[in-house]
Amino acid sequence: MKIQYMGIIFIIIMMPIILVLSAYMQMQVDNLDIALQYDTKLFEATLDGIQAFELNTVNNRFSQVADSLKRDVEAGINTFITSMSNNLGFGGVNNEYLLPYIPAVLFTLYDGYYIYAPTYAEELEETEIEDTDIDGKPIKVTTEVSKNPTVFDHENMLKPYIYYTTRYKSGQKTDFIVNYTLDNYIIVYGNIQANGKENAEYVTRSGFLSDPANISYTLDKTKLDTVLARKILEYILPPRTLDNMTQAQILENFRTADLTRLKNIDEVSLTSEMGARLFETMKNDRTISDMRNDDILDALFDSTINEIFENDVDKIPATDGNIIDETIDVFSDVKYKGLSINDSDAKRYYIKSLRFTNWVNNNLSNIEAGDAVDDMGNTLTEFAGSDVKIFKTDDGKNDPEKYDSEFTQHRMNCIQLSIQTNLNTAIAQYNVEFFQEKTYNLTMPLLNPVEWNEITNNISMVTFFQGMKVGNKVYNNYVVVSSNKNKETINTDDIYYINTDEVGRTYYHKSDCPYLKDDTNNVLGLKNIDYDVYKDEDKEKNLVYSFNDRITEICNSTSIDEIYGCYHCIVNRNYEPVENLNNNRLKAIYTAIAKEKNNLYKVNEYYNVDILSTYVAPPVTVLGTLSEIAKLGDYVTYTSNGYSNWRILSKDTSVNKVEIISDGSVQTVSLAGRDLSTSSGFATFTEKVRDILQNVANYYLDSTYSANARVVGSNEDASVGTGAQDTDIPDVAKMQASGTLSTNNNDAYSSGYWLLSTARDDDKYNVMYITQDGKTFGRGTLFAGGTNYTKEYGVRPIITLNNEVKVVGGSGTQKDPWQLSL
Amino acid sequence: MGDSLITVVAIMVAAILMFVFPMLSVAERNDDISQIAVQTATVEFVDNIRATGKLESKDYDAYVQKLAATGNSYDIEVERKVLDENPSKKLTWAESKKIGENVYYSQYTSQIMDELNTKGEYLLKEGDIISVSVKNTNTTMSQMLRNFFYTVTGQGTYQVFAKHAGMVLLNGN
């Protein structure tokens with residue numbers, strides 16, 4: 001065969017091969033090219049989405065309120081879909097065509113996340129119904145109602161907000177949920193059995209967890225007492241009488257106030273039970289801040305401090321009696337890592353954080369990562385066996401504000417787990433709904449650790465795009481985009497600091513910029529979005545520029561009207577950072593970050609404020625009847641008209657009869673001969689004295705617990721006549737037996753106390769008394785030789801308790817008296 | 001004699017048909033693949049900068065390696081248009097004819113590479129525009145073969161070229 005033929009045959013064979021190969025290659029190249037275009041388009045659309053969200057939140061004053069935030073998220077997702085369909089050439093009208101290719105959009109926010117996914121939901125139709133308006137006129141209202149018959153269909157929608165929660169179970173009784181956020185703020189709710197307590201208690205607490213060693217403050221107890229006293233007195237004293245009172249006067253008024261009036265006032269955030277217990281505890285010196293060993297008082301204390309934080313406290317007068325016209329902080333000397341913090345918002349952050357941290361360390365320090373369980377209560381395999389004590393932050397090794405701390409790592413894992421689980425469910429659901437007849441199944445793509453890191457620390461949007469045909473292949477991809485210019489989170493790098501340079505120009509810098517002047521200790525830092533200029537049109541359609549309120553305020557107070565970004569650290573961003581930040585810089589950072597974090601909107605912060613109304617009293621265990629348990633001289637909690645220091649005088653176990661006597665005089669009574677009808681004879685005199693003293697005793701009757709009251713010393717036989725032996729008085733014997741004769745240490749009223757016994761020495765009419773050391777029996781002469789005298793001593797009532805009184809707690813000592821119940 | 005001439009011509013034609021055309025075709029496909037690989041790498045590289053706000057030397061090295069894997073040598077040009085927001089920060093404008101709100105100045109490859117070499121990263125901010133363009137500097141096989149037939153090549157003519165640009169969406173920290 002000629003070589004020419006061979007050539008032709010070769011060409012005949014080779015040419016198609018080359019052509020087919022070339023066409024195939026070209027197709028592959030085209031497919032790759034299209035896939036690449038989709039990549040870019042998906043990325044662009046996601047960026048558009050997050051940018052729409054940023055724009056909406058930054059310009060929306062109410063963006064941090066949950067409902068408004070949901071609207072912003074929806075707007076962001078709509079922007080994404082519209083942008084995507086425009087990019088792909090569908091046009092905005094046909095964007096529904098795109099929906100089947102979007103299995104899920106994840107939108108993570110500060111304390112939880114939204115998933116936008118197809119959901120099987122009931123289809124509703126709009127209809128007009130008749131209704132009436134406020135004035136009763138008939139109007140037509142458009143509303144959505146179920147179709148008849150009911151129709152269910154797939155619809156792409158925002159699923160309900162999911163919080164970053166993890167449930168922990170430890171032992172038999174502790175079972176609670178922690179709601180994590182993108183920073184060190186956590187919300188704890190559930191049953192927690194505190195260390196050393198027998199029963200679990202339901203708690204709801206939230207706050208910024210930190211390392212307690214870093215924060216310190218001084219609590220001015222007198223000022224706090226003044227605030228608390230003032231708060232309570234407002235309900236007792238006539239309006240506006242408090243306005244001009246000094247600190248000392250407020251405290252004095254509180255000491256003498258009739259607190260029982262409070263019990264009936266609804267507005268006071270003291271439930272009746274709580275009020276009762278508060279008054280019991282308050283009776284001694286009425287110093288509220290010292291009473292920290294009681295749960296309820298703890299709650300009251302917390303609520304008051306919260307109120308102080310929320311309302312900036314009313315004016316508290318100075319200690320020296322001069323009224324000064326500014327708010328004095330109850331907390332002073334607030335320090336973070338040894339540096340004084342002066343800004344009030346920043347102070348609040350640190351104080352609240354320390355208080356919350358101490359609570360967490362006291363109650364949750366033994367919880368381990370391995371205690372995390374799923375909805376069904378089964379241990380989560382991801383954390384199984386881990387003995388890392390995530391909530392223990394007081395050992396110096398676990399600072400939740402640091403990225404590499406155990407808490408932060410666990411928090412990120414929990415958030416990741418929660419998102420993964422729910423996203424998987426959403427995508428599986430999507431498979432069922434859109435691809436049940438298709439030949440392939442879509443699964444959630446594996447996100448890499450860098451992406452998870454981004455998602456668990458920033459507000460971010462993750463879009464999934466799956467199932468679009470590209471040539472002979474199917475295009476699947478996802479994009480993670482995060483945002484650091486929004487109102488929802490705060491990061492150290494997002495705070496810029498203001499400075500004026502030598503020629504008088506004001507610039508803002510990053511904290512480690514060499515051009516930031518650090519020779520003063522009051523460098524002000526604000527969040528990056530605050531420096532944005534807002535543009536608007538005025539009536540003449542001119543562009544009007546304005547800074548936001550915070551910057552405007554600074555501009556006004558310092559008479560600057562221009563603030564520029566530093567050309568080194570803000571505009572260019574590539575600068576030589578300062579290696580070692582000095583204390584002024586550190587202080588500026590600590591202050592700014594705390595201030596911004598304190599001002600972040602937290603959906604669940606109300607948990608702390610509402611702590612009073614959610615308080616559930618622990619179950620009561622009856623220990624027995626008082627007469628069986630208590631010994632003579634023991635202390636009991638009996639409160640009536642503000643006096644609550646009572647001891648057991650006598651008891652009769654057979655009928656459960658117990659008499660209690662006040663530990664000291666309850667008040668001073670002045671007996672004057674001229675008021676006692678001394679001229680009508682001794683018997684009338686005795687009667688009058690008894691009437692007066694009995695009246696005093698009756699004042700301390702409590703309808704719930706007591707049967708009757710009298711004043712000590714009522715012995716008929718010994719009280720009348722001349723020469724009766726003082727020590728014959730039976731009450732005195734009882735007092736000697738129970739060791740309650742002396743009132744030495746706790747009698748604030750006078751040098752002794754009256755007995756109900758009168759005695760006559762010839763023409764002298766006497767009322768008997770005992771000195772406060774209990775050693776001397778005296779006869780107070782009120783009438784002698786036709787002359788009347790006046791004498792003043794204290795009074796000690798004796799109360800006979802109801803014979804159904806039971807003991808539910810306490811140990812009978814002065815500090816821990818027997819707790820009574822019926 | 002005439003036969004011999006035809007034979008020689010036939011052999012040459014056959015050689016061209018049998019070797020050069022397939023080779024040209026394969027070489028061109030090869031360039032297409034290089035092109036798509038370079039385009040993919042460039043888009044990924046730029047989009048990563050846009051999403052993170054920073055250019056790290058490890059990313060840059062990976063990018064250069066991906067390009068090198070195509071067997072060609074490339075010239076990479078990076079340009080960052082730095083947004084100067086300050087002209088828009090004034091609350092009051094002295095005159096109505098202002099220069100504009102957003103002014104950009106540029107930084108080019110050498111400045112960016114300097115920064116990258118000394119610090120290992122180059123930071124950008126939200127609103128900046130980053131653009132990267134690459135073209136091959138060597139002569140690829142298909143260029144060589146084509147030159148053999150029809151000389152259209154000259155200085156600055158390149159076969160593999162990719163460009164991608166976009167606005168940065170995150171402040172680099």
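For the structure, see preceding data.
None of the values given here were measured: they were computed from a predicted structure.

K.L.:
Got a sec to walk through the overall build of chain B? Specific residues and values, please.
P.N.:
Looking only at helices and strands, chain B features 4 helices and 6 strands. Beginning at the N terminus, the succession of helices and strands in chain B can be written as α-β-α-β-β-α-β-β-α-β. Relative to all contacts within chain B whose residues are 6 or more apart in sequence, the contacts with residues 24 or more apart total 79%.

K.L.:
Any chance you could break down the nonpolar core for me, citing the residues and the numbers?
P.N.:
Residues and elements named next belong to chain A. By size, the foremost hydrophobic cluster in this structure holds 104 residues, and its most contacted members are F107, Y168, Y180, Y350, F391 and F465. Broken down by element, this core gets its largest block of residues, 9 residues, from helix α7 (residues 344-364). Residues within four places of F391 in sequence aside, it is in contact with Y168, F176, V178, Y180, I186, L209, V360, N361, L364, I367 and F407. Core analysis: the second largest hydrophobic core is formed by 50 residues, A709, V712, Y793 and I799 among them.

K.L.:
Help me get a handle on the sheet that holds strand β21 (residues 563-565) of chain A, residues and values and all.
P.N.:
Residue and element names in this part refer to chain A. The strand order across the open sheet built from 4 strands is β18-β16-β17-β21, with neighbouring strands paired in mixed fashion. The open sheet is flanked by β18 (524-527) and β21, the only strands paired with a single partner. The mean angle between the axes of side-by-side strands here comes to 35 degrees, regardless of whether they run parallel or antiparallel. As judged from the 3 bridges shared by strand β17 (residues 506-509) and β21, these two strands associate in the parallel manner. In the strand pairing of β21, T506 is matched with I563. In the packing of helix α10 (residues 549-558) onto the sheet, the strands contacted are β16 (495-500), β18 and β21, and the crossing angle to β18 comes to about 155 degrees. In the packing of helix α12 (residues 583-599) onto the sheet, contacts are made with β16 and β18, and the angle to β18 comes to roughly 40 degrees.

K.L.:
Please give an account of the pattern of salt bridges that cites residues and values.
P.N.:
In total, this model carries 20 salt bridges over all chains according to the counting rule given. Two residues, K734(A) and E659(A), come together in a salt bridge whose shortest N-O distance is 2.9 Å. Of the two residues, K734(A) sits in helix α17 (residues 730-738) while E659(A) sits in strand β25 (residues 657-662), which places them 75 residues apart along the sequence. Residue classification places E659(A) among the buried positions, given a relative accessible area of 4%. As a salt-bridge pair, K81(B) and E79(B) come within 3.5 Å of each other at their nearest N and O atoms. Here the salt bridges share partners, and the residues they tie into one network are E44(A), D47(B) and R50(B).

K.L.:
I'd like to hear about the interface of chain B and chain A, residue by residue, with values.
P.N.:
Across the contact, 47 residues belong to chain B and 51 residues belong to chain A. Summed over the shared surface of chain B and chain A, the number is 1 salt bridge. Among the salt bridges present, the one from E44(A) reaches R50(B), with a minimum N-O distance of 2.9 Å. One can count 12 residue pairs in polar contact (both at pLDDT 80 or more) joining chain B with chain A. For the side of chain B that touches chain A, the secondary-structure elements that each account for two or more residues are α1 (2-52), β2 (74-84), β3 (103-107), α3 (109-119) and β4 (121-123) of chain B. With 17 residues, α1(B) is the single largest residue contributor to the side of chain B that touches chain A. Of the residues contributing to the side of chain B that touches chain A, the split by class is 20 nonpolar, 11 polar and 16 charged.

Rules behind the numbers
- Counting of residues starts from 1 at the beginning of each chain's written sequence and follows it residue by residue.
- Chain letters start at A and ligand numbers start at 1, both assigned in the order the entries are written.
- Reporting of local features is limited, given that this is a predicted model, to residues whose pLDDT is at least 70; pairs of side-chain atoms are given and counted only at 80 or more, and all residues count toward the totals for whole chains, interfaces and linings.
- Side-chain descriptors were evaluated using all non-hydrogen atoms of the structure, hydrogens and water having been removed beforehand.
- Numbering of helices and strands starts at the N terminus; helices are DSSP runs of H or I of at least 4 residues and strands are runs of E of at least 2.
- By definition in these notes, contact holds between two residues if any of their heavy atoms fall within 4.5 Å.
- Within this scheme, the nonpolar core is defined by two criteria: the residues are buried Ala, Val, Leu, Ile, Met, Phe, Trp, Tyr or Cys, and they are joined through side-chain atoms within 4.5 Å.
- Classification of residues uses two cut-offs on accessible area relative to the type maximum, computed with a 1.4 Å probe and protein chains only: under 20% is buried, over 50% is exposed, and between them is partly exposed.
- At least two bridges found by DSSP between two strands are what make those strands a pair.
- Interaxial angles span 0 to 180 degrees and are taken between N-to-C directions of axes, which are lines fitted to C-alpha atoms, for helices over the stretch in contact.
- Salt bridge, as used here, is a side-chain nitrogen of Lys or Arg placed within 4 Å of a carboxyl oxygen of Asp or Glu.
- Distance and chemistry together define a polar contact, namely a pair of N or O atoms within 3.5 Å, with one atom able to donate a hydrogen and the other to accept it when in protein, and with adjacent residues in sequence counting only for side-chain atoms on both sides.
- Residues are grouped as follows: Ala, Val, Leu, Ile, Met, Phe, Trp, Tyr, Cys and Pro are nonpolar; Asp, Glu, Lys and Arg are charged; all remaining types, including Gly, are polar.

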